[in-house]
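Chain residues, written in single-letter form:
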Amino acid sequence: MMNQAWMAEQLEELKLQSQFRKIPTAQLASEASGQLIRNGQAMLNMSSNDYLGLSHHSAIAAAMEESLQADGVGAGASRLITGSSAPYAKLEAALASWHGCEAALVFGNGYMCNLGTIAALAGRGDVVLSDRLNHASIVDGIQLSRAEHVRYRHLDLGHLESLLIKHRDARRIWIVTDAIFSMDGDAAPLQELVALKQRYGAGLIVDEAHSGGIYGPQGQGLAAELGVAHAIDVHIGTFGKAFGVYGAYVAGSATLCNWLTNKARPLIYSTALPPSVVAGTLSALGIVQRERWRSERVRMAAQRFRSSLAEAEIPTIGRSDCPIVPVILGSSESALRFSQQLEQHQILAAAIRPPTVPGHTSRIRFSLSAAHSELELNQALQAIIQMAKEKEHTDE
Ligand SMILES: Cc1ncc(COP(=O)(O)O)c(C=O)c1O
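Each value, and the rule that gives it
- Residues numbered from 1 in each chain as written.
- Predicted model: local features only at pLDDT ≥ 70, side-chain atom pairs only at ≥ 80, totals over all residues.
- Heavy atoms only, no water.
- Axes fitted to C-alpha atoms, helices over the stretch in contact; angles between N-to-C directions.
- Helix = DSSP H or I, 4+ residues; strand = E, 2+ residues; numbered from the N terminus.
- Parallel < 35°, antiparallel > 145°, perpendicular 65-115°, else oblique.
- Contact = heavy atoms within 4.5 Å.
- Nonpolar A, V, L, I, M, F, W, Y, C, P; charged D, E, K, R; others polar.
- Phe/Tyr/Trp six-rings, centres within 6.5 Å; stacked < 30°, edge-to-face > 60°.
- Buried < 20%, exposed > 50% of the residue type's maximum accessible area, 1.4 Å probe, protein only.
- Lys NZ or Arg CZ within 6 Å of the ring centre and 35° of its normal.
- Pairing = 2+ DSSP bridges.
- Arc of directions from axis to C-beta.
- Near = heavy atom within 4 Å.
- Polar contact = N/O pair within 3.5 Å; in protein donor to acceptor, adjacent residues only side chain to side chain.
- Areas by Shrake-Rupley, 256 points an atom, 1.4 Å probe, with all protein chains shown as cover.
- Patch = residues over 30% accessible without salt bridge, like charges linked within 9 Å, V, L, I, M, F, W, Y side chains within 5 Å.
- Salt bridge = Lys/Arg side-chain N within 4 Å of Asp/Glu carboxyl O.
- Domains from an automatic or database assignment.
- Buried area = accessible area lost by both parts, 1.4 Å probe.

### Digging into the packing of helix α5 (residues 110–121) against helix α10 (residues 254–263)
Stage number 1. In contact at an axis separation of 10 Å, α5 and α10 are set at 100 degrees when each is read in the N-to-C sense. Classified by the angle between their axes, α5 and α10 sit roughly perpendicular to one another. Contacts between α5 and α10 pair Thr117, Ala120 and Leu121 from the former with Leu256, Trp259, Leu260 and Lys263 from the latter.
Stage number 2. Taken together, the residues of the contact of α5 with α10 sort by class into five nonpolar, one polar and one charged.

### Digging into the packing of aromatic side chains
Stage number 1. A complete count under the given rule lists five aromatic pairs for this structure.
Stage number 2. Plain terms: the ring middles of Trp98 and Tyr249 are 6.4 Å apart, the flat faces sit at 55 degrees to each other, and that makes the pair tilted. With Trp98 in helix α4 (residues 86–99) and Tyr249 in strand β10 (residues 248–252), this pair connects stretches of sequence that are 151 residues apart.
Stage number 3. The class of Trp98 is buried, set by a relative accessible area of 3%.
Stage number 4. The ring of Phe20 is capped by Lys15, whose NZ or CZ atom sits 4.7 Å from the centre of that ring.
Stage number 5. Cation over ring: Arg79 sits above Tyr88, and NZ or CZ is 3.9 Å from the ring centre.

### Considering the sheet that holds strand β11 (residues 324–330)
Stage number 1. One open sheet holds the three strands; their spatial order is β11-β14-β13, and the pairing between them is antiparallel. Each of the sheet's edge strands pairs with one partner strand only, and the pair in question is β11 and β13 (350–352). The mean inter-strand angle of the sheet, taken between neighbouring strand axes irrespective of direction, is 30 degrees.
Stage number 2. As judged from the three bridges shared by β13 and strand β14 (residues 362–367), these two strands associate in the antiparallel manner.

### Overview of α10
Stage number 1. Residues of α10 that are buried include every one of Leu256, Cys257 and Leu260, and no others. Across the axial projection of α10, the buried residues extend over an arc of 95 degrees, all falling on one side. Facing away from the buried surface of α10 by more than 90 degrees, the exposed residues are Thr255 and Asn262.
Stage number 2. Lining the buried residues of α10 we find β4 (103–107), α5, β9 (234–238), β10 and α11 (265–268).

### Looking at the site of the ligand
Stage number 1. Near the ligand you find 13 residues, and of these Gly110, Tyr111, Asp207, His210 and Lys241 are the closest.
Stage number 2. Contact distances for the ligand include 2.7 Å between an oxygen atom and a backbone N or O atom of Gly110.
Stage number 3. At a separation of 2.6 Å, a nitrogen atom of the ligand approaches a polar side-chain atom of Asp207.
Stage number 4. Relative to its free-state accessible area of 390 Å², the ligand is covered by the protein chains to the extent of 84%.
Stage number 5. A total of three residues in the shell around the ligand trace back to one element, the largest contributor, which is α5.
Stage number 6. The class makeup of the residues in the shell around the ligand is two nonpolar, eight polar and three charged.

### Quick look at the environment of Phe243
Stage number 1. Here Phe243 lies in the loop between β9 and β10.
Stage number 2. You can call Phe243 buried: its relative accessible area is 2%.

### What to know about a nonpolar patch on the surface
Stage number 1. Residues Met2, Trp6, Met7, Leu11 and Leu14 make up a contiguous nonpolar surface patch of about 480 Å² in total accessible area.
Stage number 2. Locating Leu14 in the fold gives a position in helix α1 (residues 5–16).

### What to know about the domain arrangement of the protein chain
Stage number 1. Domain boundaries in the protein chain define domain 1 (24–52 + 292–395) and domain 2 (58–290).
Stage number 2. With centres defined by C-alpha atoms, the gap from domain 1 to domain 2 works out at 27 Å.
Stage number 3. Contacts between domain 1 and domain 2 engage 23 residues on the former and 26 residues on the latter.
Stage number 4. When domain 1 packs against domain 2, close to 1,800 Å² is buried across both sides, 56% of that on carbon and sulfur atoms.
Stage number 5. Contact with domain 2 buries surface across domain 1, with Leu52, Arg292 and Arg319 losing the most and accounting together for 35% of the total.
Stage number 6. Across the domain 1-domain 2 interface, the total number found is three salt bridges.
Stage number 7. Here Glu225 ties to Arg299 by a salt bridge, and the two come within 3.0 Å at their closest N and O atoms.
Stage number 8. At the junction of domain 1 and domain 2, the tally comes to 15 residue pairs in polar contact (both at pLDDT 80 or more).
Stage number 9. Taken together, the elements giving at least two residues each to the side of domain 1 that touches domain 2 come down to α13 (293–311), β11 and β14.
Stage number 10. Looking at the side of domain 1 that touches domain 2 element by element, the count peaks at four residues for α13.

See below:
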């Protein structure tokens, strides 16, 4: 066996920096998606991305069970080898019509979708301009593409425009952005990005992982909310967050989806999602479209949560109605300590540390869900405010 001392040493380093990660044992509560069971105790789950509270929806579970019986437990191979089972065609047609696009293509998950899509669209001679805080799967997709990877300062349109001018002779220029930034809860200026992409003839890829289901008249995402969906070249969305299930998709032109079917390696060289997951997602899409009260509820809860923290002089960042509510604490150590103290109040909210976020901006990322009751959120607020006061006291 190869000597693994180098790994052990570097893991010790991470521990010293409060950046060591391990996977805790936890179980989703069987009835309510807003709770988690850890060490036999029910905790308020403020860590997950189940923004609409769909992860325990009985209609979605029923659709999955029915498909399990009808279609089997696994896809058995890549879709290009065995073909798509019936739920795929229905889901892709529904996604295309939801986005008002010609076509849509389902991927295994959001990570593979970004990786495969960006690497298939960009290549040598191209430039990809990417917001500095874009998700790791976007960063990895660009690296894999072999295009020139240029990061612009977070949300900085002036910087982006200067880069568009600088690289105007590139074979093709792509701009890629998260619609809502996963660790900051703030929004990309999509209207302005559309104006820039049109001015400089660039392609625009928008990842709606944390905005799908929440924004837009039918939950299509932030681009639809801001009225610029028609101008986006590549819409990306995930099903593991607001949809409560698993998987991801690209929506756009038929040419784009044909290109990705031929070029996106994670789609071509990986086993397709189990048909039951696709059937569950189709059911979730219907619920996202019909039950808009879920999105209204979580957006209002986010506004209230942010303003209650502000009243208690606890600053948060992000769009006022975004269910991702980060509280910056600075060092990894203090974020980890705060998260552990929250656990003592039966609240699970993850400490987010480098390399996920830049150094000295470690934070608690409170994640709200339509599954949380008003009472649960009020109790959480009380505990957080009390803990922050105690922290201030000990810091003095
Ligand atoms: C912006 C963004 N894109 C993509 C992903 C990956 O999605 P998935 O969890 O479906 O792999 C994430 C996950 O956190 C994300 O935040």
